[in-house]
Structures are given as structure tokens and as C-alpha cells.
Amino acid sequence: MSEPSTHDAIPDPLHADVTALLRAVHDALDIPYADTTEDNRIRARLLDQRASDTRIILASVLKYGLLSVFGVADAVEQLRNWTADRPVTYTPWTDRADQGGGRS
């Protein structure tokens, strides 16, 4: 007789603070593509800075065991503050074909 498979089991939902941390990481790293070559350089620097901020937050949570409700919530707040301090300042890429500038 084979063991029951847990592959198809519905996983337990993540703790709300863990979900919030994952959302903050996603939001920090999910930046729009750039419109020009120079803007792409600016985007690359911004993404590098935000990735560094994200690594610091995740390392703190993992290294110092900030897994209590307060600790993760504090990490989320810090990452969101750092992300807000590093806004997108370049012109995001837009699909000009969608704006009527494409071929008919």
C-alpha cells in the first residue's frame, strides 16, 4: 500500500505578517522597465539599491529570528520606508503601439 500523497493537499495559509513581508519584497523589486538607454541605467541602479535593501531586511529577519509578530511587522515597515525613499524617477517604458502610434 502506498503512502497518502501530500502533494495535492491544500497548504496552510501563510501568517499575515509573512504575507506582508513577501508583498513588501515584491513591491520593492517590481519596478517598471525603462523607456531609454539612459533610463535603463537609472533603473538598473535603482533595482540594485532596492535589492540591497531587501537583502538587508531578509538577512535581519533570518539572522536575528525576527519571527514574532512585532519583528516581521517592523521589517515590513522598514522595507516599505526604504522603498518609498527610492522612488522610480525615470520614464517608464510604454508600448506606443497601444497608444495609436503603431501600424494600422
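An account of the accompanying structure is given in this report.

Reading guide: rules and limits
- Residues numbered from 1 in each chain as written.
- Predicted model: local features only at pLDDT ≥ 70, side-chain atom pairs only at ≥ 80, totals over all residues.
- Heavy atoms only, no water.
- Salt bridge = Lys/Arg side-chain N within 4 Å of Asp/Glu carboxyl O.
- Helix = DSSP H or I, 4+ residues; strand = E, 2+ residues; numbered from the N terminus.
- Buried < 20%, exposed > 50% of the residue type's maximum accessible area, 1.4 Å probe, protein only.

As a further point, take the pattern of salt bridges. One pass over the structure, following the stated rule, counts 3 salt bridges. Linking Arg80 and Asp27 is a salt bridge whose minimum nitrogen-to-oxygen distance equals 3.2 Å. In this pair, Arg80 is assigned in helix H3 (residues 69-85) and Asp27 in helix H1 (residues 16-29), connecting sequence segments 53 residues apart. By relative accessible area, which is 30% here, Asp27 ends up partly exposed. Note that Arg41 is salt-bridged to Glu38, the shortest N-O span being 3.0 Å. Remark: Glu38 and Arg41 occur in helix H2 (residues 37-63); sequence separation between them is 3 residues, near one turn of the helix. On the basis of relative accessibility, which here comes to 45%, the residue Arg41 falls in the partly exposed class.

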